[in-house]
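What follows is each chain in one-letter form.
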Amino acid sequence: MCDRRALGGHLVYLYDGSFEGMLTAIFEAYYREAPGRILAEGCWQQALDERYEKVETDLSKSGRVHDAIEAKIGKTALGMVYYGWLSHEPERATRIYEFLRLGFRIGPGITARLADPAVDALFRINRPVLREYDKQRGFLRFSVMEGGIYYAKEETVSYQLPLLTPYFFDRMTGDPFIIHDVGRRLAGVSDTRQWRIVSAETFTAPDMSPEEMDYRRLWIAFHETVAIQSRLNPKLQSQMAPKRYWKYMTEMNGGK
Amino acid sequence: MGRVMIMSMDLADKLRILGGAARYDSACTSSGSQRGGVKGMTGNAVSCGICHSFSADGRCVSLLKVLLTNHCINDCKYCYNRSSNDIERTAFTPEELADLTMSFYKRNYIEGLFLSSGIVRDPDYTMELMCRVLALLRGQYGFNGYIHAKAIPGGSAGMISRLGRLTDRLSVNIELPSERSLVLLAPQKDKEKILNPMGLIQRGIRDRDQRGFAPAGQSTQMIIGATPDTDYQILRLSESLYRKFELRRVFYSAYVPVGDHPALPVAGKPPLLREHRLYQADWLLRFYGFSADELLDQRRPALDPVLDPKCQWALRHLETFPVEVNRADYSVLLRVPGIGVRSAKRICVARRTASLDFEHLRKLGVVLKRAVYFITCKGRYQTDLKINEGFIYRNLAADVGSRRQIAAPAEQLSFFSEPDREDAIQCVTGEL
Ligand code: SF4
């Protein structure tokens, strides 16, 4: 501890926010100097006893880490690392690094060590990501735009596009779509042949198709009619469909 | 004449009438089928099901749940669509319904279609009409999403087999839990008319070939509180349905007064707490290895309104406790209040590498508030507790009481929705 201070405090690796960037930082942490923390650029609070080092994303390094996780700790662990990266938790990369240190020591058995703090911490970061994915698969709402393009807006807490875009690509085989992550200014797009995630900095949505409003009204009418009056329970409703999702749900926002 | 009226009616009005008429069916799950997208078709299916919305009564909306028509030749007293009820009648055309399903599905409003119907002319003719809609949807419209259809009591083997090939799940609703109630309130139905199609569906599923027959299995529903049938009778019936017909699910629907027959209860609140307790007990039958006779008996035919059925059982069997979590079999852990399927599995995994203490258990998702009276870790209780039935009952009941107040006016406690959601999440993780 003391000699670190002499060097200028705990080392913090900063990566560019990408999955590959995070894996590169983990590579550096392994082969160069063990860090105090690993953080995505632009979302940390400077502490007095820390020094910072930017990590240049390097696909060969990240690829090696990726393959090593898969080969030595297994697919489940790799999944946990990936879901962890999608989380909005600022310390996610640090937790993932701690998880992997243990993982490389004990191998695939790590995912059974549910009571171990390093494993428990990553599970805790994973859970809200998967819960949000589960909700958003159902709550996302597409509108049909001019030219038959399906367009949906979302503002998710965790980064959901890498999960949702392939999911809807499988489901919407014949129709092009755009899922617009308004908060992150990104979009998951499909032209029916392939999907990818692109920047939506300068994106403007196409116009609505003429019949779109009719279908919204039909859906709202159906949604109203299925509620049994003598069982009304708005509390349970907002527990199951939390209000933060309502903004983009046709039947909850009045079809705006 | 009827036809002209049908054609001129606004689609939104039809949807209101035929959706409203189907809302008393509790089954809205889209679970049990797993298939990926297919080129040239629309849709997929996810085995844990997906909730697309929640209505103002807090129930999940997953499927476009409608009747094909609310015309009905029968006069079941408990049913809103009974022939003697003076209500507006209408029907969807196959094109209208296929277009609605596709348009809703592609906008991600729904996971699929739940199609039921009043009986037009006779059961087979009605199923013929239903098949026409589904064949149009699966064929011309290329719909590859989830379909749940209700087989009509009294339907023939031929029609059931056609329906089964077009659907993910089939159900025949029992509705009334005893023959006596059936005779009284559904004079045109009888046990045979309901159980025969169930058997036919079961055979269809068993002999399933490449083309698939109801891959998500068969379910049914019972109405709770319309008749004097007890919880014990109902659970015994569910148990034998699971065993004999290999049903995936039995749904319970608290009776909402819609009829005026002297044998029916008059207007009042639907028995939601009772419905909730039955779902919990049903869960115990399916996933926890309990039998109906362990939970209730002739002398004690009703589930306790204060404690959930597992706590109730545990209190009557204190001689089997405490259970040592580091050694007890999975099946024994499952019987401990506060330990669910997920946490029992986690315990079995985690104790291979560590000797578990109470802090570990909390991390593994055990509800310690309930479990502490029934378990030891490394041979010791969490604290010095004086274990006797009265003490535990008071503590558990106090806990439930305080939670109930917080959850008011919701009689549906959170216990039941938990495993559903947990399973859903597990399903997501399982993909990788
Ligand atoms: S047959 Fe079905 S729709 Fe017709 S009255 Fe009976 S329960 Fe209602």
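Parameters and conventions
- Residues numbered from 1 in each chain as written.
- Chains lettered and ligands numbered in written order.
- Predicted model: local features only at pLDDT ≥ 70, side-chain atom pairs only at ≥ 80, totals over all residues.
- Heavy atoms only, no water.
- Salt bridge = Lys/Arg side-chain N within 4 Å of Asp/Glu carboxyl O.
- Helix = DSSP H or I, 4+ residues; strand = E, 2+ residues; numbered from the N terminus.
- Polar contact = N/O pair within 3.5 Å; in protein donor to acceptor, adjacent residues only side chain to side chain.
- Contact = heavy atoms within 4.5 Å.
- Pairing = 2+ DSSP bridges.
- Axes fitted to C-alpha atoms, helices over the stretch in contact; angles between N-to-C directions.
- pLDDT = per-residue confidence, 0-100.
- 1 Å grid on protein atoms, 1.4 Å probe; cavity = no way out; pocket = protein on both sides within 12 Å on 5 of 7 lines; lining within 4 Å.
- Points joined across faces, edges and corners; volume = space filled by probe spheres on them.
- Nonpolar A, V, L, I, M, F, W, Y, C, P; charged D, E, K, R; others polar.
- Near = heavy atom within 4 Å.
- Sits in = over half its atoms within 2 Å of the grid points.
- Buried < 20%, exposed > 50% of the residue type's maximum accessible area, 1.4 Å probe, protein only.
- Right-handed = clockwise from strand over helix to strand, strands pointing away.
- Core = buried A, V, L, I, M, F, W, Y, C linked by side-chain atoms within 4.5 Å.
- Disulfide = S-S within 2.5 Å.
- Parallel < 35°, antiparallel > 145°, perpendicular 65-115°, else oblique.
- Left-handed = near helix turned anticlockwise from the far one by under 90°.
- Phe/Tyr/Trp six-rings, centres within 6.5 Å; stacked < 30°, edge-to-face > 60°.
- Lys NZ or Arg CZ within 6 Å of the ring centre and 35° of its normal.
- Buried area = accessible area lost by both parts, 1.4 Å probe.

J.: Help me get a handle on the pattern of salt bridges, residues and values and all.
T.: Side chains bearing opposite charge may pair, as long as their charged atoms lie close to each other. Counting across every chain of the model gives 43 salt bridges over all chains. Its salt-bridge partner being E28(A), residue K61(A) comes within 2.7 Å of it at the nearest N-O pair. Placement of the pair is K61(A) in helix α3 (residues 59-73) and E28(A) in helix α2 (residues 19-31), with a sequence separation of 33 residues. Across the pair R236(B) and D293(B) runs a salt bridge, and its minimum N-O distance is 3.4 Å. With R236(B) in helix α8 (residues 231-245) and D293(B) in helix α10 (residues 292-295), this pair connects stretches of sequence that are 57 residues apart.

J.: Would you mind going over the side chain of Q218(B) in detail, with residue names and values included?
T.: All names here are of chain B. Note on placement: Q218 falls in strand β7 (residues 218-224). A distance of 3.2 Å separates the side chain of Q218 from the backbone oxygen of M198, its partner in a polar contact. The contacts of Q218, once residues within four sequence positions are left out, are L170, V172, M198, I201, Q202, I205, F245, L247, R248 and R249.

J.: I'd like to hear about the sheet that holds strand β1 (residues 10-15) of chain A, residue by residue, with values.
T.: Residue and element names in this part refer to chain A. Pairing is parallel across the open sheet formed by three strands, whose spatial order is β2-β1-β3. Since the sheet does not close on itself, it has two edges, and those belong to β2 (37-40) and β3 (50-54), each with one partner. Within this sheet the neighbouring strands show an average axis-to-axis angle of 30°, counted without direction.

J.: I'd love a proper account of the confidence of the model for chain B, names of residues and values included.
T.: Residues and elements named next belong to chain B. Looking at chain B, the pLDDT average stands at 85 and 88% of residues meet or exceed 70. Taken as a whole, residues 1-7 scores under 50 in pLDDT and shows four contacts with residues more than four places along the chain or in a different chain. Low pLDDT, under 50, characterises residues 402-432; the predicted model gives this stretch 55 contacts beyond four residues in sequence or across chains. Taken over the whole predicted complex, pTM reads 0.87, whereas the ipTM for its chain interfaces reads 0.91.

J.: If you had to explain empty space enclosed by the protein to someone new, which residues and values would you point to?
T.: Residue and element names in this part refer to chain B. The final tally for this structure, using the stated rule, is two cavities of 30 Å³ or more. Taken together, 34 residues make up the lining of the largest cavity; nearest its centre are Y78, C79, N81, K150 and E175. Contributing elements (two or more residues each) for the lining of the largest cavity: β7 and β8 (249-254). Grouping the amino acids of the lining of the largest cavity by side-chain chemistry returns 19 nonpolar, eight polar and seven charged.

J.: Before we move on, could you go through the site of the ligand and cite the residues and values that matter?
T.: All names here are of chain B. Close to the ligand lie C72, N74, C76, Y78, C79, R82, G118, I119 and K189. In this structure the site holding the ligand corresponds to the largest cavity. Counted by class, the shell around the ligand contains five nonpolar, two polar and two charged residues.

J.: Mind laying out the pairing of strand β6 (residues 177-181) of chain A, listing which residues take part and the relevant values?
T.: Residue and element names in this part refer to chain A. Within β6, five of the five residues are buried, leaving the element largely enclosed by the surrounding structure. Burial of the side chains of β6 extends over both faces: F177, I179 and D181 are buried on one face and I178 and H180 on the other. Relative to β6, strand β5 (residues 150-154) is paired through five bridges, and the arrangement is parallel. The partner of A152 across the bridge, within β6, is I179. Chirality of the crossover, the property in question, places the unit of β5, helix α7 (residues 161-171) and β6 among those that are right-handed.

J.: Go over the nonpolar core, please, and point to the residues and values.
T.: Of all hydrophobic cores here, the largest spans 132 residues; its most connected members are L64(B), F104(B) and L361(B). Examining the composition of this core, we find that eight residues originate from one element, helix α4 (residues 123-138) of chain B, more than from any other. When neighbours within four sequence positions are excluded, F104(B) is seen to be in contact with Y215(A), L218(A), W219(A), L15(B), L64(B), Y109(B) and I110(B). Formed by 53 residues, the second largest nonpolar core is a distinct cluster that contains L78(A), L100(A), Y133(A) and Y150(A).

J.: Run through the state of the cysteines, naming residues and quoting values.
T.: All chains considered together, the criterion is met by zero disulfides over all chains. C348(B) carries a free sulfur, and the closest cysteine sulfur to it, the one in C377(B), is 13 Å from it.

J.: Any details on the packing of α2(A) against helix α4 (residues 75-86) of chain A? Residues and values, ideally.
T.: Residues and elements named next belong to chain A. In contact at an axis separation of 10 Å, α2 and α4 are set at 115° when each is read in the N-to-C sense. When the axes of α2 and α4 are compared, the pair comes out roughly perpendicular. Handedness of the crossing formed by α2 with α4: right-handed. Between α2, through F19, M22 and L23, and α4, the contact on the second element is made entirely by V81, Y82 and W85. Looking at side-chain class alone, the contact of α2 with α4 contains six nonpolar, no polar and no charged residues.

J.: Residue-level account of the packing of aromatic side chains, with values.
T.: Under the criterion given, the structure shown has 27 aromatic pairs over all chains. Measuring from ring centre to ring centre gives 5.2 Å for Y252(B) and Y279(B), while their planes differ by 85°; the resulting arrangement is edge-to-face. On the criterion of sequence distance, the pair formed by Y252(B) in strand β8 and Y279(B) in helix α9 (residues 272-287) is long-range, its members being 27 residues apart. Look at Y279(B) and you get buried, because its relative accessible area is 10%. Three or more aromatic residues joined by ring pairs form one cluster here, namely Y133(A), F142(A), Y150(A), Y167(A), F168(A) and F177(A). If you follow R64(A) out to its NZ or CZ, it ends over the ring of Y31(A), 6.0 Å from the centre.

J.: Kindly report on the interface of chain A and chain B, identifying the contributing residues and their values.
T.: At the interface, 59 residues of chain A touch 71 residues of chain B. Between chain A and chain B, the buried area comes to about 5,900 Å², and carbon and sulfur atoms account for 57% of it. Joining chain A to chain B, the criterion identifies four salt bridges. Among the ionic pairs, E212(A) bridges to R107(B), the shortest N-O distance being 2.9 Å. The interface formed by chain A and chain B includes 30 residue pairs in polar contact (both at pLDDT 80 or more). Breaking the side of chain A that touches chain B down by element, the ones donating at least two residues are α4, α6 (117-139), α7, α8 (212-225) and α9 (234-240) of chain A.

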